[in-house]
Amino acid sequence: GEGAEPELVDRSSWRSNAFCITLFCMDESFESRAVDFVRPAFALFHDLDYCVVTLPHVTSEFGLLSLFSIVHAKGQEAVPGAAPFGHVLYVIHRAALSGQLLVREAQHADLPGARALCAGLHDEELLLAAVEGTAEHLAQSPNVRPLRVAFIVECQAQVVGIATVLEQGVDVAGLKLHYCLEDYILFSEHRADGHAQLEQLLINPLFAASTRFVLKELFRKARKSVLYMQLRHDVPVPDVTREFVQVKPRRQIQLPPHLALAAARAAHERGGGDVPPDCALYFLTRKLISEPKIQNNARIVVVGASDTSVAFLETLLTVPYLHFTSVTLIAPDGLPDGGVPAAGQPEEPAVAPNAFAASSFCYTRRELRQLALDARVTVIRANVADVDRVAKSVELAGSSERVPYDVLLLAPPLHDQTLAGLPEGSRAVGGAFSVSGGQVERDVDDYIRSAAWVRRAALEDTTALVYGATLSAYCSVQALLARGVQPERVRLVLPPGAPTPFADPRVELRVRGALAALGVAVLDELRLLSVRAGSDGSISSVRLADKNGKHERELPCALLLTADEPDVDDAIFRACNSNSLVYDGRLVIDARFRTSDASIFAAGPLTKFSRRYRGGINLEHYDKRDVGVKVAHSLLPLLDPLSAAATAATSDALPTFDQPRSEGGMLPGGLLYVHVQRPSKPLPYDELVRSGRVGRELTTVANEHDYCCFRIDQYDTIDAITYLGKTPLEVSNLQHLIGMPQMYLNRLAPRYDEGLIPDLPQFLRDNWAMGLFHDRFVDFRSALKGELLEEEAFAAIATDLQERLEMDIELPSREELRSAVQLSTRQLVEKRLVEYLQTNQNHLSMYLVPSAPVCRQMEEEI
């Protein structure tokens, strides 16, 4: 039962059934014949069934191990008091060498063996139905392949494996639409009917090392060249996953309603359904099956489930030729998984309407479900207590368990530390919550339903207090209002000297106006001193003081939410300090994200670059997803010496971050706030204007409450976008616009000056703008730039402009530049643009180009 002591097993009478290879050396030229050593070894130990090999985690695999199966280590909770096993364990059974496997279509005679093999499994009925269906179909129509085929893996007339393959009806167009398949597969080299989907593959563990052979046979028997596998969130992770390559999800264009309806209609006609897939996608080609992956057994431990950590794991685990066997994440709330998808919901809101914390817009919930990182990452739900640099292990809070590492990445999110800084008696009071807690929504909902809240809410002078001047504080006010708390009972307390969280002062005025209209009081320049609990242990009042500390006041309070400026957790700080990791306001790292310990890396808002890098800013001012990608690229040379990044591994130059940084949330009054800008050191608005970086601002107010501002820099490019309104916004689309010349946006500034744009977001919902939001538009721009610079005349113009910028000389007018560009160059640009639209017609069908469906239909009618 729960809490029972683990049962002790007497192993004294057990007999060993395995022998161990302790030394193996073989010329690489003959590694393919390693099996010739294993068979005589089993013959020598004729009474033993298993052979085992252990290997240090940081040692590369050798040819002999291709015959063996890796055995995953148990967690320390399964063996209390036991020290972690420091090696990787490989095992092979003598039966695995007993004969050649045979893969063939299922027959009626295979049913008894199939039942014995899959007895007790969650998909037992599906497997048996597939076997029976295939046998029945082929018995009646042997020359016609069924839609779904079950294959039997046989060894010495015994069923040792079952595979089901969907040979027809794979929605390849839909998969290309939502996943980056074209980054890996050259579809022109594969027949239209050469695609299939592996639905299930079950193999006796004794023959697990032969999985690649079974897959080769499936390719041959099914006459296919590409095999897909979809991993859904509600099924166990199959072992065959390690042989496949995971595909990243594509950033989708957020279509306006009229285009979304047309896209849904097209998907329905294609037979792919209206809702994008909510599962991870893996693939394998006939070519890749002959190129075994490089298996990396290094113990990679990531601390913190921040956006930086997710991006790091995503980049690392989608390297097509690497398989990492030991990746661990330590986070108290686990990995963000995107939740359970809503039935029939094609789009999800940019911001959760009842969330207490602000959003960074790094990942959508659907992207997280499509990544399914928990399928390949061991997640430990715990807090870090300390790090032992000597033993290379991480100590967990509230447990004696230690997690060993070879590479450690510290990337925890920063948390509000207001309650932790209060006196001892104020830290654990019922009804006082920090919005940084991963379960704050659940905890607040439970408290609002409790008798303590009901009793105190009945008092006239009782308030629900939100403390902090961050964006999350304003989101918390709206979250309370959405949960039915009366506006006149809510108080927003702003700490002394706290900077505004809004990049635009006009937004702050509108938010303050919304608070006043709702009746939410704002208390300025007050500091939280302590929290007092009632007789039942729940909060009864708070004590506040002015900025000078001379005047104090006590307010009755039934609920307290703290959302002040986030800072590093005490446990993480103590772990850094006790291990002599250099900490200078933030954890100090070099250009390769290394701390003062070569095995410990760090990234995210916890860190800052060393002072020797002049001009570097804290990493909290960069896009967290961009930082995570750069960390993975920095670690790949260490984890994979063959990586293309290895040549740049010795560089001491700071990495460049160019992805826009975004933040937003749902504010009081149901106002959606979004701010997207280039990564840069934040400046107060007045100082930013005086710096000369602001060329001009384009602002519109639509429907009396939808405010939008496009900030254009001195070089006529989009520098920042700010929105506050009640109309849903396509945030992902706006992120693509940062850094683009405003002329790309259909002459945005001239049209604005002519009074033709009363609503900036609505202007960008027109059909013409969709090509700018495509995930490959950046690549198109880069390729076009490279091609144009190969032309001598255009290169001369670019060089002249660069020199003028460096020498601060006035730039030529747009008309002068247009006349300097040759006609052939303009024609080349037009040609490449049409090719870009034609190539991406699956997303950009709203453009009328020669390959568009409408044009093809017109040609057929003619």
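Counting starts from 1 at the beginning of each chain's written sequence and moves along it residue by residue. Owing to the predicted nature of the model, reporting of local features is limited to residues with pLDDT of at least 70; listing and counting of side-chain atom pairs is limited to 80 or more, with chain, interface and lining totals taken over all residues. Derived side-chain values reflect all non-hydrogen atoms in the structure, with water molecules and hydrogen atoms excluded from consideration.

Turning to the side chain of glutamine 246, a few remarks are in order. In DSSP terms, a helix is any run of H or I states spanning at least four residues, a strand is any run of E spanning at least two, and both are numbered starting from the N terminus. Turning to its location among the elements, glutamine 246 is positioned in strand β10 (residues 245–247). Using a 1.4 Å probe on the protein chains alone, a residue whose accessible area is under 20% of its type maximum counts as buried, one over 50% counts as exposed, and one in between counts as partly exposed. Take glutamine 246: its relative accessible area is 2%, and that puts it in the buried class. Within the structure, glutamine 246 has its side chain in polar contact with the backbone oxygen of leucine 371 (distance 2.6 Å). Only 3.2 Å separates the side chain of glutamine 246 from the side chain of arginine 376, close enough to count as a polar contact. For this analysis, residues touch if any pair of their heavy atoms sits within 4.5 Å. Apart from the residues within four sequence positions on either side, glutamine 246 is in contact with Tyr184, Ala280, Leu281, Tyr282, Leu317, Thr318, Gln370, Leu371 and Arg376. Here a polar contact means two N or O atoms within 3.5 Å. Within protein one must be a hydrogen donor candidate and the other an acceptor candidate, and residues neighboring in sequence count only if both atoms are side-chain atoms.

DSSP-based pairing: two strands are paired if at least 2 bridges between them are found. If you trace the 5 strands from one edge of the open sheet to the other, you get β16-β15-β13-β20-β31, paired in parallel fashion. In this open sheet, the two strands that pair with only one neighbour each are β16 (378–380) and β31 (600–602). The mean angle between the axes of side-by-side strands here comes to 20°, regardless of whether they run parallel or antiparallel. Pairing of strand β20 (residues 407–410) with β31 involves 3 bridges; the strand directions are parallel. Residue pairing across strands places leucine 408 opposite isoleucine 600, the latter belonging to β31. Axis geometry follows a simple rule: fit a line to the C-alpha atoms, using only the stretch in contact for helices, then measure angles between N-to-C directions, giving values from 0 to 180 degrees.

Think of it this way: a Phe, Tyr or Trp ring, Trp meaning its six-membered ring, pairs with another when their centres are within 6.5 Å, and the plane angle makes it stacked under 30 degrees, edge-to-face over 60, tilted otherwise. Going through the model one piece at a time under the given rule, you end up with 18 aromatic pairs. For the pair phenylalanine 24 and phenylalanine 37, a centre-to-centre distance of 5.7 Å together with 80° between the ring planes defines the contact as edge-to-face. With a gap of 13 residues between them, phenylalanine 24 in the loop between β1 (18–20) and α1 (35–44) and phenylalanine 37 in helix α1 connect regions that are remote in the sequence. Since its relative accessible area comes to 23%, phenylalanine 24 is described here as partly exposed. Their ring planes at 20° and their centres at 4.7 Å tell us that phenylalanine 780 and tyrosine 836 sit as a pair that is stacked.

Across the sheet, which stays open at both edges, the 7 strands sit in the order β5-β6-β7-β8-β9-β11-β10 with mixed pairing between neighbours. Looking at strand neighbours, the two that pair on one side only are β5 (102–105) and β10, the edges of this open sheet. Strand after strand, the sheet turns through a mean of 35° between neighbouring axes, direction not considered. Pairing of β10 with strand β11 (residues 280–285), which is carried by 3 bridges, proceeds in the antiparallel orientation. Directly across from valine 245, in β11, lies its bridge partner phenylalanine 283. Contacts between helix α3 (residues 124–140) and the sheet are confined to β5, β6 (148–155), β7 (158–166) and β8 (195–203), with β6 contributing the most and set at about 100° to the helix.

For any two helices packed against each other, the geometry is given by the interaxial angle and the distance between the axes. Contact pair helix α19 (residues 777–789) / helix α22 (residues 823–839): the axes reach a minimum separation of 11 Å and the direction vectors enclose 150°. Taken together, the axis directions place α19 and α22 in an arrangement best described as roughly antiparallel. Read as a crossing pair, α19 and α22 show a hand that is right-handed. Here α19 contributes Phe777, Phe780, Leu784, Glu787 and Leu788 to the contact with α22, which in turn contributes Thr825, Leu828, Val829, Arg832, Leu833 and Tyr836. Class assignment for the residues of the contact of α19 with α22 results in 8 nonpolar, 1 polar and 2 charged. The labels follow the angle: roughly parallel below 35 degrees, roughly antiparallel above 145, roughly perpendicular from 65 to 115, and oblique for the rest. Helix crossings get a hand from a simple test, with the near helix turned counterclockwise from the far one by less than a right angle marking a left-handed crossing and a clockwise turn marking a right-handed one. Note on residue categories: nonpolar means Ala, Val, Leu, Ile, Met, Phe, Trp, Tyr, Cys or Pro, charged means Asp, Glu, Lys or Arg, and polar means any other residue, Gly included.

Of all 9 residues in β7, 8 are buried, a share of seventy percent or more. Where β6 and β7 come together, 8 bridges link them in antiparallel fashion. Bridge pairing in β7 places isoleucine 152 opposite isoleucine 162. Between β6 and β7, which pair antiparallel one after the other, the connecting turn spans 2 residues, and glutamine 156 there sits at a positive phi close to 50°. Bridge count between β7 and β8: 6 bridges; the pairing is antiparallel. Paired with alanine 163 across the two strands is leucine 201, which belongs to β8.

Our focus in this paragraph is the state of the cysteines. Two cysteines form a disulfide when their sulfur atoms are joined by a covalent bond. Disulfides are defined in this document as cysteine sulfur pairs within 2.5 Å. Summed over the entire model, instances satisfying the criterion amount to 0 disulfides. The thiol of cysteine 155 is not disulfide-bonded; the next cysteine sulfur, from cysteine 51, is found 18 Å away. Among the residues examined, cysteine 155 registers a relative accessible area of 4% and is labelled buried.

A word on helix α2 (residues 111–118). Among the residues of α2, Leu111, Ala114, Leu117 and Cys118 are the ones counted as buried. For α2, the buried positions fall inside an angular range of 125° around the axis, keeping them on one side. With respect to the buried face of α2, the exposed residues turned more than 90 degrees away are Pro112 and Ala116. In this structure, the buried residues of α2 make contact with α3, β7 and β8. Immediately downstream of α2, the backbone of glycine 120 shows phi near 85°, a positive value. What the arc covers is the set of directions going from the helix axis to the C-beta atoms.

Attention now moves to the environment of glutamate 199. Inspection of the secondary structure puts glutamate 199 in strand β8. In this structure the C-alpha to C-alpha distance between glutamate 199 and tryptophan 768, which are 569 residues apart in sequence, comes to 40 Å. In this view, glutamate 199 contacts Arg148, Thr164 and Leu166; residues no more than four positions away in its chain are not counted. Reaching out from glutamate 199, the side chain makes a polar contact with the side chain of arginine 148 at a distance of 2.5 Å.

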